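# Chain and residue survey
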Amino acid sequence: MSHDADTWEKLRRLTRARIGLGRAGDGLPTKALLDFQMAHAKARDAVHGAADFDRIAVDLAPREVIRLASAVPDRPTYLRRPDLGRRLADGEAEKLPAGPCDVVFVIADGLSAAAVDANAVATLEATARRLEGLSIGPVVLAREARVALGDVVGAAMNAAVVAVLIGERPGLTAADSLGVYLTFHPVPGRKDAERNCLSNIHAHGMSPDEAGHKLAWLIREALRLKSTGVGLKEAAPKFAVGESGAGPRIA
Amino acid sequence: MRSRRFKAIHAGETHVFTGLATLLAQASPRRSGDELAGLAADSDTRRVAARMALADLPLKCFLEDVVVPYDADEVTRLIVDTHDEAAFTPVATMTVGEFREWLLSDAADGATLAKLAPGLTPEMVAAVSKLCRNGDLVAIAAKVRVTTAFRSTIGLPGRLAARLQPNHPTDDPAAIAAATLDGLVYGMGDAVIGINPATDNVESCVSLLTMLDDIRTRFDIPTQSCVLAHVTTSIAAIEKRAPLDLVFQSIAGTEAANAGFGVTLSILKEAQDAALSLKRGTVGSNVMYFETGQGAALSADAHHGVDQQTIEARAHAVARAFSPLLVNTVVGFIGPEYLYDAKEITRAGLEDHFCGKLLGVPMGVDVCYTNHAEADQDDMDVLALTLANAGVNFLIAVPGADDIMLNYQSLSHHDVVRLRHLLGLRPAPEFEAWLARMGLLDAAGRLPALAPDPSTARRLLAIGGAA
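Here's what I pulled together on the structure shown here. (Residues numbered from 1 in each chain as written. Chains lettered and ligands numbered in written order. Predicted model: local features only at pLDDT ≥ 70, side-chain atom pairs only at ≥ 80, totals over all residues. Heavy atoms only, no water.)

### Some thoughts on empty space enclosed by the protein
Residues and elements named next belong to chain B.
- In the structure shown here, the tally under the stated rule is four cavities of 30 Å³ or more.
- Approximately 90 Å³ is the volume found for the largest cavity.
- Surrounding the largest cavity, 14 residues form its lining, R420, H421, L441, G445 and L447 being those nearest its centre.
- Of all the elements, helix α20 (residues 413-423) adds the most residues to the lining of the largest cavity, at three residues. (1 Å grid on protein atoms, 1.4 Å probe; cavity = no way out; pocket = protein on both sides within 12 Å on 5 of 7 lines; lining within 4 Å. Points joined across faces, edges and corners; volume = space filled by probe spheres on them. Helix = DSSP H or I, 4+ residues; strand = E, 2+ residues; numbered from the N terminus.)

### Some words on the packing of helix α9 (residues 122-130) of chain B against helix α17 (residues 308-320) of chain B
All names here are of chain B.
- Running from N to C, α9 and α17 point in directions that differ by 140 degrees, and their axes come no closer than 8 Å. Between α9 and α17, the interaxial angle falls into the category oblique. Crossing of α9 over α17 shows right-handed handedness. Contacts between α9 and α17 involve P122, E123, V125, A126, S129 and K130 from the first element and Q309, T310, A313, R314 and A317 from the second. (Axes fitted to C-alpha atoms, helices over the stretch in contact; angles between N-to-C directions. Parallel < 35°, antiparallel > 145°, perpendicular 65-115°, else oblique. Left-handed = near helix turned anticlockwise from the far one by under 90°. Contact = heavy atoms within 4.5 Å.)

### Remarks on the packing of helix α13 (residues 231-239) of chain B against helix α15 (residues 265-277) of chain B
Residue and element names in this part refer to chain B.
- α15 packs onto α13 with a crossing angle of 30 degrees between their chain directions and a minimal axis gap of 10 Å. Taken together, the axes of α13 and α15 lie roughly parallel to each other. In this structure, α13 meets α15 at a crossing whose hand is left-handed. Taking contact as the criterion, the partners of V231, I235 and I238 in α13 are, on α15, I267, L268, E270, A271, A274 and A275.
- Class assignment of the residues belonging to the contact of α13 with α15 gives a composition of eight nonpolar, no polar and one charged. (Nonpolar A, V, L, I, M, F, W, Y, C, P; charged D, E, K, R; others polar.)

### Here we look at the environment of T386 of chain B
Residues and elements named next belong to chain B.
- Take T386: it is sitting in helix α19 (residues 377-389).
- On the basis of relative accessibility, which here comes to 22%, the residue T386 falls in the partly exposed class.
- Sequence separation between T386 and S3 is 383 residues, and the spatial gap between their C-alpha atoms is 39 Å.
- Sequence-distant contacts of T386, that is, excluding residues within four places in its chain, are made with V138 and L350. (Buried < 20%, exposed > 50% of the residue type's maximum accessible area, 1.4 Å probe, protein only.)

### What about the packing of aromatic side chains?
Residue and element names in this part refer to chain B.
- Per the counting criterion, the structure on display carries six aromatic pairs over all chains.
- When the centroid spacing of 6.1 Å and the interplanar angle of 65 degrees are considered together, the rings of F290 and F322 count as edge-to-face. Residue F290 is found in strand β9 (residues 288-292), and its partner F322 is found in the loop between α17 and β10 (326-329); the two are separated by 32 residues along the sequence.
- Classification of F322 by relative accessible area gives buried; the value is 5%.
- Note on F333 and Y408: the rings are 4.9 Å apart at their centroids and 80 degrees apart in plane angle, and the pair reads as edge-to-face. (Phe/Tyr/Trp six-rings, centres within 6.5 Å; stacked < 30°, edge-to-face > 60°.)

See below:
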């Protein structure tokens, strides 16, 4: 059997899938059972936790930040009512300056507070330092927010493009994965096909620096083409993705 | 007809419901998707009153009134135009409430229900499901057998098949082979070895199909493979002479929702004909594989004011028009805005299985949830045990219950083995014989206790190129 154990060990290096777990009767061995439960617990904690926007505001200094709340009162409502997460709470729109500006960043908690805490500031700064010559508005920190809240914010601030950095739905392998949605000429009612998306930004996925590289390229292309979505294919040079789940690396 | 009024009077209180779609929606067990759509009853009292009104409704009303207009929707036209009046005769004079009682009675045995299926519309089975408790849904569905075949035979009494789902976020061939091996040694894959591709294009579809077919032919496995790409990708793969067994497509219960998936009934027919022309099946010629799930129409803004469970039953009516090998609801996948928690997911899974089976569809279930739903593996244990008792055709299994590509949780290979052992259910017969030949099944028909015969495992491990 030790030969087989060795073979399973080799196979496990090929994938992050939970293969070769072994059996306890027809159940899982206790270690595998508890490993799974821990991964699920981290995912649930990421969904139900609150993003630490105080800390994020400090980390972003000296950038100006504006804090906003969506029309969602609490997390259970957020999960049931995506429509409310796309609207601002009453009175919130008055906090937004009229602009105009080239780029507005919105950091939105979405479905993972952990993703925003771990990766939002690094991704934003990695992007901004590649946007020399463009005007960047105050950074909006939005609680209980969906992607399309960026359309409302971007329209109010007369932004040419809005980039929404948002916590993605956690999986068991990564609870802190960040996504970015870029929309040219944001106005309420934009469809998903009118956005460009970068996803899987976390320690074992796309690095914040690589994401910043791609996002800055997308922003400049969006401003040049005056469009995002199906007409704009991400083709930034330089970064390459690794193989077999080994994670991306700089080529 | 659209503004027909239905009434229930209870304890001196009168409840009025305007329109058949409203009556069905308000009679539905509570779920977040109907509330999001603004269709749900606004109180529990009104919900039960709607069921009282529905119970008194003659079944034949569903032949006189439709929930989505005939002229506006090809799914409605399919349902109306293919209805078998003669098959409907045994229940033609019943109300929905009487139909429930008859379904529970011994008079409604498997043979009777099989003959009845072409006479039932999806709205009829959705209506009666709303009057059924979970136990009723299990007991009635357990009487219905829908058997289909390609290289293995699915749906026979005393059998429980499984889809092996070796997904990988970058479609890495070695990683997919490793996960496939993990499933095969647990006896998974008799329903299908099916990959959700990370990239939906023809080249990657062809290369995955070729890889799966190599594994299947090298070990002479009596099963079928599938790459769950868009139907048009599969048609293109067939034109490139890829070794394609089954055509997959996600479908929904309205023309507009299907348009959201990029399909029409005529595209599905074209795909079925193309797959049939390959003549790859050995024991049968069911070549289609469909997935459905409550909420798909609402998410495409294409529900026509009809509740998500009724629309789901209409998706099953779409499926049955193409004689599929496999159909499964992805019940907990679509998210908490449609099914909020384990109670709603469990109920919907049992409803979908029940409705599919009554309509004559070879129904399986992806017993699953996402990490933002209020559910966990304990809840999946309960739903899987319940469905196995209801005679579900197949379940989906992924290594360790963790789909690393779609980021959700389904059942583990272990869980299907447990159900087979606990309930005396066996794999598809052709696949069972293969497992026995490979030493992956003992004389009692059980997975060997500790590990399979090392020499067999080693031969299979060669699939991954690691041994």
